[in-house]
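# An overview of the molecular structure
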Amino acid sequence: MTDFLSSLNEEQCQAVTATEGPLLILAGAGSGKTRVIAHRIAYLIAERGVAPWHILAVTFTNKASQEMRSRVDQLLKGLELNSAPLISTFHSLCVRILRRDIQALNEGYTRSFTIYDQDDSLRLVKNCIKDLGLDDKQVGPRAAQSAISAAKNRGQDPDSYAARAEHIDEKRASIARVFILYEERLRNNNALDFDDLLIKAVRLLRDVPEVREKYNDRFRYILVDEYQDTNSLQFALVSFLTEKQQNICVVGDPDQSIYKWRGADVTNILNFEQHFPATKVIRLEQNYRSTQNILDVASAVVKHNIERKEKSLWTQNPPGERIRYYQAMDAESEARFVAARIEEHRAAESDLRAAVLYRTNAQSRVFEEAMRRANLAYNIVGGFSFYERMEVRDIIAYLKLALNPNDSIALQRVINSPPRGIGKLTLDEIERHAKDYGVSYWETISLLTAGGPQRLSQRAIAALKNFQSIILHLSKLTGPPLAPSPLVGRVGVGLGDADLSPIPSPQAERGEGTAADPSGSPTVREGVDINSAPDHVTVSDSLVSDLVKAAILDTGYENALKGENTDEAEARLENLQELVNAAVDYDEQGAEGLREFIDHSALVSDTDQYKRDAPVTLMTAHSAKGLEFPLVFIVGLEDGLFPHSRAAADAAELEEERRLCYVAMTRAERFLYVTHAVKRRVYGQELASEPSQFLNEMPLELIEDLSRGNSWLAFARGSSTLKDDGELKSHRETKARAQYAGKTYDSVESIADFFRNRAANMPGGAPNLKSQISSSERKTRNSKLKTSSSQHPTSDTQAPSDFPPGSYVRHAKYGRGLVLRREGVGDSMKLTVSFPGYGQKKLVQKYAGLELA
DNA sequence: TAAAGAAAGTTTTTT
DNA sequence: ACTTTCTTTA
């Protein structure tokens, strides 16, 4: 009955059937990795008789776990099962574990902890900076937050960070102080940030043998997707979970490691065999996704990485079309080109799915507009997610408050939204008292309204009482009793029997809804553990949707919006309606309760809500990992954008950018377009931009040029065939071109042309690597550019010691380069020069020893 | 206190 | 360019 294996190739088969012991699957792009994991899970259940709930599959994104879940359901269709495998992200797995067992950690946390997402955590950091009396210009909340997060991920606690920080500089010492206060407040608020979810779960497994034992017994087969992107905490988590059984299967591709900046450690996959001695290694090297040409171009690019294990990815697919290239005038015309092309493709094949991949979210806007204008239904991934909308977060904050009024972060968020007469003065007064008494804002408010010593107006008192009654009303609905003060909570409750009950899988929790699921997913009838709610973790009888409605109506939120009578308010109301809909869906799935709904809203990211069959999907290259599309556009392939300028300084980071480019290209099944613009607006300023070095690393013969007029590509082709033009010498040899790490020659030429047409020198402006074009000069450039690319300057002779932008200079080490901009005067005059092969350099003219060339 | 106007920071990628 | 945050004014 099961021909799970018949559709798999030899290696895939091995990967599915090698069920016992550690297994490392090195799976190249498009080699059927997800299929293998799904089949493996199904095989374990159907062929090896493993109880589904002994299986754990971990992914990074909810999107990936949804995908996995639906594939597994598909394979197991028709089987009568009484549990389901747990397919979860790292973060929600940790939430699950912690919601059950965090009290065993004895750190004062209770099972009703709240999760602070990025935004909450940033607020808290801001508060800490303010309360420490630090100058937030010097410390910078964002920088502090990311420093703290990085430290936490390195496994440092505030003390060890502080110990190190004391001796470095004042700024770090300040951050250390913020860190200490931040951690203290998290604890006092019974709150965990994203990092804590992993940290506490790891600590729990490490320090409490009974808990570790329990989960080892529960999860007998563990699978980890995208293993190349795990960080040290995730590695620790997996190691502890599989300590006993060692049935650990990880899947990954070092070439697709793109999250080093977030602490991912590619040595986790490279050294897997050392960590798990009996490891079996299987390589999946046949690509089923892309055409030969696409694969060739992508491979050619990633081959430029030095730090890389060579591997052979091959395909039996036909060569397909060449990949297509377009040089646009600016971002708008780039977007217009993409939209027009998508229309053409879809005219020929109406159900062709397209993806537009960019490096930064900021680029999405123009594409969004172009799609709208072209009447193409598009789907945007990233940017502001639904749950990040102000009004949605406000309502969630009300609900959080209802569950735990001591959550001061949530309280601050909504105490005066909608406006109810609680202004800055009143808030300051609350803050002052809260600090004096060392209690939460909520408790402070109770003291103040009960007539404690204060200097608030009657009006303010009345406003506070009003707010109080709103929250009390809401918490009555969400279910009694109010949360105990975190620190007085039931610390040290042992592991009761309830804790040993299995963790319900997502399906089990959504429940019995699955039984009625028309898609026929496996029937799940696992005791949704009733006895797991000694706390008020999941107490309420009310429907989540009713609670959400109450939070919108009874707080006056809806009325305030209705009163505004603006389009914006209208849109917000619609979003709130969406939130109610989401809650209704949730209720229908038989979900567990408000707490989980709120957790979900914190952990779900926008990346997860992409609709698989949208005609056009707009997203970052990062978000595209794991997806595939027949038609793919990689846009903004410009130096400083992709690769991003922040990565340019560091060779390792540049290689990560290149892998990112590889990931983006290998999303394409049949058609791949690469585009760049000659100029684009950044921070509201027009900047000239040069083609990405990654374009230069693609085999030119596999590229078709669709640009109008003279493009960089036309020039690059020309330059590789021209024989004896001295100016082009360095570009004659293909090899030299292939290893070319810096600017492209001809675009520099075109910029030279532009500069030569300038009357005056650039005034020193923002320190940007790119050259600046003022709007008055833009027209000159536009009209010039058409003719400029193929011309060869013989640069105007200048006074020997003067190097105006547009002139060529020779440098002892870097050779010949083009002066892009000049700033400063006299001895401090600095030049930004573009050297082929070395990129852009900033030189102090006096010391650089330049000569005109 | 709230609304309107001015200044400053923002954009790398995300659970 | 755009959004957030601070400052001014009614």
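For the structure, check the block above.
To start, this report covers the structure provided alongside it. If you're wondering where the values come from, they're calculated on a predicted model, not measured in any experiment.

### Here's the deal with the protein's contact with DNA strand C
Near DNA strand C, the surroundings consist of Lys 126, Arg 365, Arg 681, Tyr 683 and Gly 684. Lys 126 places a side-chain nitrogen or oxygen 3.2 Å from a phosphate oxygen of DNA strand C. Counted by class, the surface near DNA strand C contains 1 nonpolar, 1 polar and 3 charged residues.

### Comments concerning the environment of Ser 446
Mapped onto the elements of the fold, Ser 446 is located in helix α21 (residues 441-449). Taking relative accessible area as the criterion, Ser 446 reaches 28% and is therefore assigned partly exposed. With 365 residues separating them in the primary sequence, Ser 446 and Leu 81 have C-alpha atoms 52 Å apart.

### A few points about the pattern of salt bridges
Tallied over the entire structure, the rule returns 49 salt bridges. A salt bridge links Arg 99 to Asp 599; the shortest N-O distance between them is 2.8 Å. Taken together, the residues Arg 99 in helix α4 (residues 90-101) and Asp 599 in helix α28 (residues 594-603) connect sequence positions 500 residues apart. Here Arg 659 ties to Glu 656 by a salt bridge, and the two come within 3.3 Å at their closest N and O atoms. Within this pair, Arg 659 and its partner Glu 656 are both found in helix α29 (residues 651-665), separated by 3 residues, close to a single helical turn. With respect to burial, Arg 659 and Glu 656 carry one shared label: buried.

### Observations regarding the environment of Ala 278
With respect to the element layout, Ala 278 can be found in the loop between α14 (272-275) and β8 (280-284). The spacing of Ala 278 and Phe 633 is 355 residues in sequence and 43 Å in space, taken between C-alpha atoms.

### A look at the packing of helix α5 (residues 118-131) against helix α7 (residues 141-153)
Contact pair α5 / α7: the axes reach a minimum separation of 9 Å and the direction vectors enclose 110°. When the interaxial angle is binned, α5 and α7 end up roughly perpendicular. Seen from above, α5 lies across α7 with right-handed handedness. Residues Gln 118, Ser 121, Leu 122, Val 125, Lys 126 and Ile 129 of α5 pack against Pro 141, Arg 142, Ala 144 and Gln 145 of α7. Along the lines of polarity and charge, the residues of the contact of α5 with α7 split into 5 nonpolar, 3 polar and 2 charged.

### Quick notes on the side chain of Arg 572
Of note, Arg 572 is situated in helix α27 (residues 567-588). Among the polar contacts made by the side chain of Arg 572, one reaches the side chain of Glu 391 at a distance of 2.5 Å. In contact with Arg 572, not counting residues within four places along its chain, are Met 390, Glu 391 and Leu 561.

### Focus: the sheet that holds strand β13 (residues 378-380)
Taking strand neighbours across the sheet as the criterion, the 7 strands line up as β13-β14-β12-β15-β16-β11-β19 in an open arrangement whose pairing is parallel. Of all the strands in the sheet, just β13 and β19 (703-705) have a single pairing partner and so form its edges. Put simply, the sheet's adjacent strands are angled 25° from each other on average, direction ignored. For strand β15 (residues 629-634) and strand β16 (residues 668-677), the ladder comprises 5 bridges, and the chain directions are parallel. Across the sheet, residue Leu 631 finds its bridge partner in β16, namely Phe 671. Along the sheet, helix α15 (residues 292-302) contacts β11 (323-328) and β16; its crossing angle with β16, the most-contacted strand, is approximately 50°. Relative to the sheet, α29 contacts β12 (354-358), β15 and β16, its axis offset from that of β15 by approximately 145°.

### What about the pairing of β11?
Every other side chain in a regular strand lies on the same face of the sheet, so the side chains alternate between the two faces. Of all 6 residues in β11, 6 are buried, a share of seventy percent or more. Here β11 pairs with β19 via 3 bridges, running parallel. Residue pairing across strands places Tyr 325 opposite Asp 705, the latter belonging to β19. The pairing of β11 with β16 spans 5 bridges and is classified as parallel. Its bridge partner lying in β16, Tyr 326 is registered against Thr 675.

### Some remarks on helix α25 (residues 544-553)
With 7 of its 10 residues buried, α25 lies for the most part within the structure. When we look at burial in α25, the residues that qualify are Val 544, Ser 545, Leu 547, Val 548, Ala 550, Ala 551 and Ile 552. Tucked inside the fold, the buried residues of α25 contact α18 (390-403), α22 (458-478), α26 (557-564), α27 and α28.

### Observations concerning α29
For α29, with 15 residues, the first-to-last C-alpha span of 21 Å sits near the 21 Å given by 1.5 Å per residue. Of all 15 residues in α29, 12 are buried, a share of seventy percent or more. For α29, the set of buried residues is Leu 654, Glu 655, Glu 656, Glu 657, Arg 658, Arg 659, Leu 660, Cys 661, Tyr 662, Val 663, Ala 664 and Met 665. Capping the start of α29, Asp 650 holds a side-chain oxygen 2.7 Å from the backbone nitrogen of Ala 652, two or three residues further along.

About the thresholds
Residues numbered from 1 in each chain as written. Chains lettered and ligands numbered in written order. Predicted model: local features only at pLDDT ≥ 70, side-chain atom pairs only at ≥ 80, totals over all residues. Heavy atoms only, no water. Near = heavy atom within 4 Å. Polar contact = N/O pair within 3.5 Å; in protein donor to acceptor, adjacent residues only side chain to side chain. Nonpolar A, V, L, I, M, F, W, Y, C, P; charged D, E, K, R; others polar. Helix = DSSP H or I, 4+ residues; strand = E, 2+ residues; numbered from the N terminus. Buried < 20%, exposed > 50% of the residue type's maximum accessible area, 1.4 Å probe, protein only. Salt bridge = Lys/Arg side-chain N within 4 Å of Asp/Glu carboxyl O. Axes fitted to C-alpha atoms, helices over the stretch in contact; angles between N-to-C directions. Parallel < 35°, antiparallel > 145°, perpendicular 65-115°, else oblique. Left-handed = near helix turned anticlockwise from the far one by under 90°. Contact = heavy atoms within 4.5 Å. Pairing = 2+ DSSP bridges. Expected span 1.5 Å × (residues − 1).

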